[in-house]
Amino acid sequence: MSYFFFLIFLLVAILLTINLPNISFFILILIIGILFFNKNFILICGFLTGIMIDSLSFNFLGIRALFILGILFLIFLYQRKFEIQNGAFLFIAIFISSIF
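Since the structure is predicted, the reported quantities are computational estimates derived from the model, not experimental observations. (Residues numbered from 1 in each chain as written. Predicted model: local features only at pLDDT ≥ 70, side-chain atom pairs only at ≥ 80, totals over all residues. Heavy atoms only, no water.)

**Some details on the overall build of the protein chain**
Working step 1: When helices and strands are counted, the protein chain shows five helices and zero strands.
Working step 2: Seen in sequence order, the protein chain has helices and strands lined up from the N terminus as α-α-α-α-α.
Working step 3: Here the C-alpha radius of gyration of the protein chain, 13 Å, is about what a compact globule of 100 residues would show, namely 13 Å.
Working step 4: Along the first, second and third principal axes, the C-alpha atoms of the protein chain reach 40 × 35 × 20 Å.
Working step 5: Counting only residues that meet the buried cut, the protein chain has 35% of its 100 residues in that class.
Working step 6: Partitioning the contacts of the protein chain with sequence separation of at least 6, the portion at a separation of at least 24 is 55%.
Working step 7: Of the roughly 6,700 Å² of accessible surface on the protein chain, a fraction of 74% belongs to carbon and sulfur atoms. (Helix = DSSP H or I, 4+ residues; strand = E, 2+ residues; numbered from the N terminus. Rg over C-alpha atoms; globule rule 2.2 N^0.38 Å. Buried < 20%, exposed > 50% of the residue type's maximum accessible area, 1.4 Å probe, protein only. Contact = heavy atoms within 4.5 Å. Areas by Shrake-Rupley, 256 points an atom, 1.4 Å probe, with all protein chains shown as cover.)

**Here we look at the packing of aromatic side chains**
Working step 1: Taken as a whole and judged by the stated rule, the model has six aromatic pairs.
Working step 2: Taking the centre distance of 4.6 Å and the plane angle of 80 degrees together, the rings of Tyr3 and Phe41 count as edge-to-face. With a gap of 38 residues between them, Tyr3 in helix H1 (residues 2–19) and Phe41 in helix H3 (residues 39–56) connect regions that are remote in the sequence.
Working step 3: Looking at Lys39, its charged tip hangs above the ring of Phe76, at a distance of 5.5 Å from the centre. (Phe/Tyr/Trp six-rings, centres within 6.5 Å; stacked < 30°, edge-to-face > 60°. Lys NZ or Arg CZ within 6 Å of the ring centre and 35° of its normal.)

**Topic: unusual backbone geometry**
Working step 1: If you check the backbone angles, Phe58 has positive phi at about 60 degrees while not being a glycine.
Working step 2: Take Phe58: it is sitting in the loop between H3 and helix H4 (63–77).

**Remarks on the side chain of Thr17**
Working step 1: Tracing the sequence through the fold places Thr17 in helix H1.
Working step 2: Within the local environment of Thr17, its side chain forms a polar contact with the backbone oxygen of Ala13, the two atoms lying 2.7 Å apart. (Polar contact = N/O pair within 3.5 Å; in protein donor to acceptor, adjacent residues only side chain to side chain.)

**Considerations on the nonpolar core**
Working step 1: Residues Phe6, Leu10, Phe26, Leu30 and Ile42 are the most contacted members of the largest nonpolar core, which totals 24 residues.
Working step 2: Going through the elements one at a time, H1, helix H2 (25–36), H3, H4 and helix H5 (87–99) are the ones with two or more residues in this core.
Working step 3: Apart from residues no more than four positions distant in its own chain, Leu30 is found in contact with Phe6, Leu10, Ile42, Cys45, Gly46, Ile68 and Leu72. (Core = buried A, V, L, I, M, F, W, Y, C linked by side-chain atoms within 4.5 Å.)

**Side note on a nonpolar patch on the surface**
Working step 1: A surface patch of nonpolar side chains, amounting to about 650 Å² of accessible area, comprises Phe4, Phe5, Ile8, Phe9, Val12, Leu16 and Leu20.
Working step 2: Mapping Ile8 onto the fold places it in helix H1.
Working step 3: Relative accessible area serves as the criterion here: at 36%, Ile8 is assigned to the partly exposed category. (Patch = residues over 30% accessible without salt bridge, like charges linked within 9 Å, V, L, I, M, F, W, Y side chains within 5 Å. Salt bridge = Lys/Arg side-chain N within 4 Å of Asp/Glu carboxyl O.)

**Describing the packing of H1 against H3**
Working step 1: Axis separation between H1 and H3 bottoms out at 10 Å; the angle between their running directions is 30 degrees. In terms of their interaxial angle, H1 and H3 are classed as roughly parallel. Seen from above, H1 lies across H3 with right-handed handedness. Of H3, the residues touching H1 (which contributes Tyr3, Phe6, Leu7, Leu10, Leu11, Ile14, Thr17 and Ile18) are Phe41, Ile42, Cys45, Thr49, Met52, Ile53 and Leu56. (Axes fitted to C-alpha atoms, helices over the stretch in contact; angles between N-to-C directions. Parallel < 35°, antiparallel > 145°, perpendicular 65-115°, else oblique. Left-handed = near helix turned anticlockwise from the far one by under 90°.)

Laid out in structure tokens, this is it:
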């Protein structure tokens with residue numbers, strides 16, 4: 001049941017990102033999803049999110065998917081060094097990823 005709600009929130013974030021291209025709502029949802037779901041599910045959702053955003057916004061297919069996978073990989077890499085449940089870490093990660 002929680003996977004269903006997560007996917008619904010992710011779909012809404014994708015639609016908002018396509019309509020408002022300067023704000024990356026999907027990164028916020030994926031980073032919050034790291035706290036609650038396993039690593040493989042989040043990586044698959046991140047890749048599919050990138051493919052969907054690229055195809056719906058008529059960009060080169062796969063560019064955003066690789067970017068999202070890179071961000072998620074860095075967060076998973078530093079997950080043990082930093083407390084990712086901390087609000088400051090989430091804010092900094094979302095801010096840095098939305099710059100690019």
